[in-house]
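Commentary on secondary and tertiary structure
Chain residues, written in single-letter form:
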Amino acid sequence: PALAGDSVFAAARDGTVLRLDAAKGTERWRVALERRLSAGAGASERTVVVATEEGEVIALEAADGRLRWRARVSSEVLAAPALGNGLVLVRSVDHRIFAFGEEDGKRRWVYQRAPASLIVRSPAGVTLAGDTAYAGFSGGRLAALALSNGGVRWESTVALPKGATELE
């Protein structure tokens, strides 16, 4: 679930997205997207965003659940989208982070890292703080990206892989 303002937004695998009152738990609206969702909901006070295993990103009006826009990313999305600074950040399983405008769904920038030769399929997301997005990558790397243009502010190794082979 995603908490935004006085509401909790949740998404189910079958394509159901709903808004609940955070204090009372009463349902405010529910929509059926007729798509299989692969990640949880990301939300702001104006927008709720979900994604599919085909890489479709769907933004809804937080007030009433009406469709705001749809966009595509390069591959499946496993982590809930992150919203902030007028952007929707979506991380795909092929090590790309896409930034879309929250209002119109237009792509603003894409950050891409070369994937490691062996990765664990996991729902690694993006964390926003101020005007920076933070994302961890296989191989023990952490990157800080400027929300304005997707440029790398810094990158650091936080863990070193150990073992004689990639499986170790």
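Below is a summary of the structure that appears in this document. (Residues numbered from 1 in each chain as written. Predicted model: local features only at pLDDT ≥ 70, side-chain atom pairs only at ≥ 80, totals over all residues. Heavy atoms only, no water.)

1. Structural notes on the sheet that holds strand β15 (residues 141-146)
For clarity, the threshold we go by: In this analysis, strands are considered paired if DSSP registers two or more bridges between them. Every helix listed is a DSSP run of H or I at least four residues long, and every strand listed is a run of E at least two residues long, numbered separately from the N terminus. Orientation is described by axes fitted as lines to C-alpha atoms, over the contacting stretch for helices, and by angles from 0 to 180 degrees between their N-to-C directions.
Pairing within the open sheet is antiparallel, and its 4 strands lie in the order β13-β14-β15-β16. Either end of the sheet is taken by a strand with one partner, and the two such strands are β13 (127-129) and β16 (152-157). Sheet twist, expressed as the average angle between the axes of neighbouring strands with direction ignored, equals 20°. By the bridge criterion, 6 bridges tie strand β14 (residues 132-137) to β15 in an arrangement that is antiparallel.

2. Thoughts on the pattern of salt bridges
Threshold: Take a side-chain nitrogen of Lys or Arg and a carboxyl oxygen of Asp or Glu: if they are within 4 Å of each other, that pair is a salt bridge. Each residue is assigned to one of three classes by its accessible area relative to the maximum for its type, calculated with a 1.4 Å probe on protein chains only: buried under 20%, partly exposed between the two thresholds, exposed over 50%.
Tallying each qualifying case throughout the model produces 16 salt bridges. Residue Arg70 is joined to Glu56 by a salt bridge in which the shortest nitrogen-to-oxygen separation is 2.9 Å. Taken together, the residues Arg70 in strand β8 (residues 67-72) and Glu56 in strand β7 (residues 56-61) connect sequence positions 14 residues apart. The partner of Arg113 in a salt bridge is Glu155, with the nearest N and O atoms 3.0 Å apart. Of this pair, Arg113 sits in the loop between β12 (107-112) and β13 while Glu155 is found in strand β16, placing the two residues 42 residues apart along the sequence. Residue Arg113 is classed as buried on the basis of its relative accessible area, which comes to 19%.

3. Brief notes about the nonpolar core
What counts here: We define a nonpolar core as any set of buried Ala, Val, Leu, Ile, Met, Phe, Trp, Tyr and Cys residues linked to one another through side-chain atoms lying within 4.5 Å. By definition in these notes, contact holds between two residues if any of their heavy atoms fall within 4.5 Å.
The biggest cluster of nonpolar side chains holds 15 residues, and the ones touching the most others in it are Phe9, Val17, Trp29, Leu33, Val48, Val50 and Leu60. Mapped onto this core, the elements with two or more residues apiece are β1 (2-4), β4 (27-32), β6 (47-51) and β7. Setting aside its immediate chain neighbours within four residues, Val50 contacts Ala11, Val17, Leu33, Leu37, Gly40, Ala41, Glu56, Val57, Ile58 and Pro81.

By themselves, these observations are geometric and do not establish any function.
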